[in-house]
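Here are the chains, one letter per residue:
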Amino acid sequence: MTTVSFAEVPTPVGTFVLAVTEVGLVASGWGSRARLVGGLDLPEVHDADRTASAVAELNDYFAGGLKTFETPIDWRLMSGSRLQVLRALHQVPYGAAVTYGELARRAGSSVPARGIGSIMGSNPIPIVVPCHRVIAGNGLGGFSGGEGVETKRWLLTHEGYLQPTLLDL
């Protein structure tokens, strides 16, 4: 029987929750774990050893030391074109960004750019599957995590894709 263990991690962009099964990271996001539990329908266990690696990587990412997550991914919440697009997104490297249309091409998907935006908005594993690295052709585009586009801006600045503004100093 598959179970899930949770960890809450304080970050510069708010509390981030990780949900880890025996297979790997299945969900993550901002706020409380109650928000993640609804879509999982898995029995919860308290297993700090299971979540320790993902917590350490997330902390290292926010400290500026981690560029590539090695945490295994449990893709069970995704299928079809959504899975295809999110797997392609998982390959977009730290410090880079792609447009919605470019991500569709990389995924080999027939999903139009607007559909890619919808997939990004429902990404169950933000940061590790880096939806913040998908931008509009004419600007940052939207972001549904944390404090919205300001969180996206912070993450892209943290990764060096965007230059800090005077307000960030």
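Shown above is the structure to which this text applies.
This structure is a prediction, so every number in the text was calculated from the model and none was measured.

Oppositely charged side chains can form a pair if their charged atoms are brought close together. Applying the stated criterion to the full structure yields six salt bridges. For Arg106, the salt bridge goes to Glu102, with nearest N and O atoms at 3.1 Å. Taken together, the residues span about one helical turn, with Arg106 and Glu102 both in helix α4 (residues 100-107) at a distance of four residues. On the basis of relative accessibility, which here comes to 27%, the residue Glu102 falls in the partly exposed class. Note that Arg153 is salt-bridged to Glu150, the shortest N-O span being 3.3 Å.

To continue, consider the environment of Thr15. Note on placement: Thr15 falls in the loop between β1 (4-9) and β2 (16-21). In this structure the C-alpha to C-alpha distance between Thr15 and Gly146, which are 131 residues apart in sequence, comes to 8.7 Å. The residues contacting Thr15, other than those within four sequence positions of it, are Glu8, Val9, Pro10, Gly29, Trp30 and Gly31.

A few words now on the pairing of strand β3 (residues 25-30). The buried fraction of β3 is high, at six of six residues. Two strands pair when backbone bridges link them, and β2 and β3 are joined in this way by five bridges, in the antiparallel orientation. Residue pairing in the sheet places Ala19 in a bridge with Ala27 of β3. The antiparallel pairing of β2 with β3 creates a hairpin that spans three residues between the two strands.

Before going further, it helps to examine the nonpolar core. Membership of the largest hydrophobic core comes to 41 residues, with the highest contact counts inside it found for Leu89, Leu103, Met120 and Ile127. Looking at this core, the elements with two or more residues in it are β2, β3, α2 (48-62), α3 (80-89), α4 and α5 (113-121). Considering each element in turn, this core owes the most residues, five residues, to α3. Among residues more than four places away in sequence, those in contact with Met120 are Val85, Leu86, Leu89, Tyr100, Leu103, Cys131 and Val134.

Basis of the calculations
Residues numbered from 1 in each chain as written. Predicted model: local features only at pLDDT ≥ 70, side-chain atom pairs only at ≥ 80, totals over all residues. Heavy atoms only, no water. Salt bridge = Lys/Arg side-chain N within 4 Å of Asp/Glu carboxyl O. Helix = DSSP H or I, 4+ residues; strand = E, 2+ residues; numbered from the N terminus. Buried < 20%, exposed > 50% of the residue type's maximum accessible area, 1.4 Å probe, protein only. Contact = heavy atoms within 4.5 Å. Pairing = 2+ DSSP bridges. Core = buried A, V, L, I, M, F, W, Y, C linked by side-chain atoms within 4.5 Å.

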